[in-house]
Amino acid sequence: MSWELLLWLLALCALLAVVVQLVRFLRADGDLTLLWAEWQGRRPEWELTDMVVWVTGASSGIGEELACQLSKLGVSLVLSARRVQELERVKTRCLENGNLKEKDILVLPLDLTDRSSHEAATKVVLQEFGKIDILVNNAGRSQRSLCVDTSLDVFKELIELNYLGTVSLTMCVLPHMIERKQGKIVIVNSLLGILAVPLSSGYCASKHALRGFFNCLRTELAAYPGIVVSNICPGPVQSNIVKNSLTEEVQKTLGVDTVQSHKMATSRCVRLMLISMANDLKEVWISDHPFLLVTYFWQYMPTWAWWLTNKLGKRRIENFKNGLDADVSYFRTWKTKHD
């Protein structure tokens, strides 16, 4: 074989690899590292059994679905949120559909904004189960309002709940994990912790703050390789997070049902979350296109990202002012072109 032929074969292989990656990306609903872990990595059914998992925001949406999928893995569950009745409903669902018994699930009401209660809550979990293997910081609220119309109290509420509440609870659990030299701290962040869009200025700020804090914490825990900090960033997922969003005043929520069909199924999002937890991935992006594509632009081509975000942002504001779902038109356009 001549050197010229060998070089042509290598070039062809390189081109084929690029084409394969492009096809994978166009079909992706998560970043390529996460999807590789789904294909070749460790299974949650192998890695997450017999663990004690504390899930905040467990009364609905991602938190509820996460609790239900975890219940099938033979873990011990701690379910926290403010609404006790809803937590009891989720517990019943876990007992009916999972492999757990009554003693394996602790319903622990918790208000993240009441930071003085977090240490006592952590002690209750340790007294009940003796350890905390995984803390899933899932609780939080979103926002739908223009910055200029929004009360400062709304920004304060979002920082108190999404950021300070999460940090406070983590700081109560962290000494226990350091003592054991192992544990997983999972933060359900958002793609809006990476990029920025109109109508969510306070929400974006709180999620950017979470990403910065936990990235710093991860570096400070380098001496404890058994403690894993995972930043999970979903895009639009089927839940009530938009319906329960704060608007221009703290006492006022959006309160209307939005279109859900274009959003990722909650079960798929949670399955990818479990894969990231099983494989100790530091940061994952979970979303369908076009938001996944936009996130890659923000990460690798920020100048193009600003141009694209400004164009999409105008449409987002127009939708909002007309009483429509802020995001649905992007997905309709995408699906029309690619169905």
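Please refer to the structure higher up on the page.
The structure presented is a predicted model; accordingly, all values stated were derived computationally and were not measured.

**Q** I keep staring at the nonpolar core and nothing clicks. Help me out?
**A** Grouped burial of nonpolar side chains is what soluble globular proteins tend to show. Among the nonpolar cores identified, the biggest contains 51 residues, and V53, L70, L77, V136, M273 and I286 are the most heavily contacted of them. The element that contributes the greatest number of residues to this core is helix 9 (residues 266-278), accounting for seven residues. By size, the runner-up hydrophobic cluster in this structure holds 28 residues, among which are F129, L135, L161 and L174.

**Q** How should the sheet that holds strand 5 (residues 183-188) be read in this particular structure?
**A** Within the open sheet, the seven strands sit side by side as 3-2-1-4-5-6-7. Their pairing is parallel. The open sheet is flanked by strand 3 (105-107) and strand 7 (283-286), the only strands paired with a single partner. Each neighbouring strand pair of the sheet contributes to a mean axis angle of 15°, computed without reference to strand direction. As judged from the six bridges shared by strand 5 and strand 6 (residues 227-234), these two strands associate in the parallel manner. Bridged to I187 within strand 6 is N231.

**Q** Please explain the pattern of salt bridges as it appears in this structure.
**A** This model, assessed by the stated rule, comprises 18 salt bridges. For E64, the salt bridge goes to R89, with nearest N and O atoms at 2.9 Å. Here E64 is found in helix 4 (residues 61-71), whereas its partner R89 is found in helix 5 (residues 84-97), with 25 residues between them in sequence. For E64, a relative accessible area of 9% translates into the label buried. With a shortest N-O distance of 3.3 Å, E65 and R93 are connected by a salt bridge.

**Q** So what exactly am I meant to see when it comes to the packing of helix 7 (residues 152-180) against helix 8 (residues 201-220) here?
**A** Working note: a packed helix pair is described by the angle between its axes plus the distance between those axes. Two numbers describe how helix 7 lies on helix 8: the axes approach to 7 Å, and their chain directions differ by 20°. By the criterion of interaxial angle, the relationship of helix 7 to helix 8 is roughly parallel. Crossing handedness for the pair helix 7 and helix 8: right-handed. Together, F155, L158, I159, N162, Y163, T166, V167, T170, M171 and L174 of helix 7 and S201, G202, Y203, A205, S206, K207, A209, L210, F213, F214 and L217 of helix 8 make up the contact between the two elements.

The rules behind each value
All residue numbers here refer to positions counted from 1 along the written sequence of the relevant chain. A pLDDT threshold of at least 70 governs which residues receive local features in this predicted model, and a stricter bar of 80 or more applies before side-chain atom pairs are shown or counted, although totals over entire chains, interfaces and linings include all residues. Side-chain metrics rest on all non-hydrogen atoms present in the structure, leaving aside hydrogens and water. For this analysis, a nonpolar core means a set of buried residues of the types Ala, Val, Leu, Ile, Met, Phe, Trp, Tyr and Cys, connected via side-chain atoms within 4.5 Å. Burial classes follow relative accessibility: with a 1.4 Å probe on protein chains only, a residue under 20% of its type's maximum area counts as buried, one over 50% as exposed, and anything between as partly exposed. Counting from the N terminus, the helices are the DSSP runs of H or I reaching at least four residues and the strands are the DSSP runs of E reaching at least two. A pair of strands is labelled paired if DSSP reports no fewer than 2 bridges between them. A fitted line through C-alpha atoms represents every axis, and for helices the fit uses only the stretch in contact; the resulting angles, taken between N-to-C directions, go from 0 to 180 degrees. For salt bridges, the criterion is a side-chain nitrogen of Lys or Arg within 4 Å of an Asp or Glu carboxyl oxygen. The labels follow the angle: roughly parallel below 35 degrees, roughly antiparallel above 145, roughly perpendicular from 65 to 115, and oblique for the rest. When the near helix sits turned anticlockwise from the far one by under a right angle, the crossing is termed left-handed; a clockwise turn instead gives a right-handed crossing. Residues count as neighbours in contact if any of their non-hydrogen atoms are within 4.5 Å of one another.

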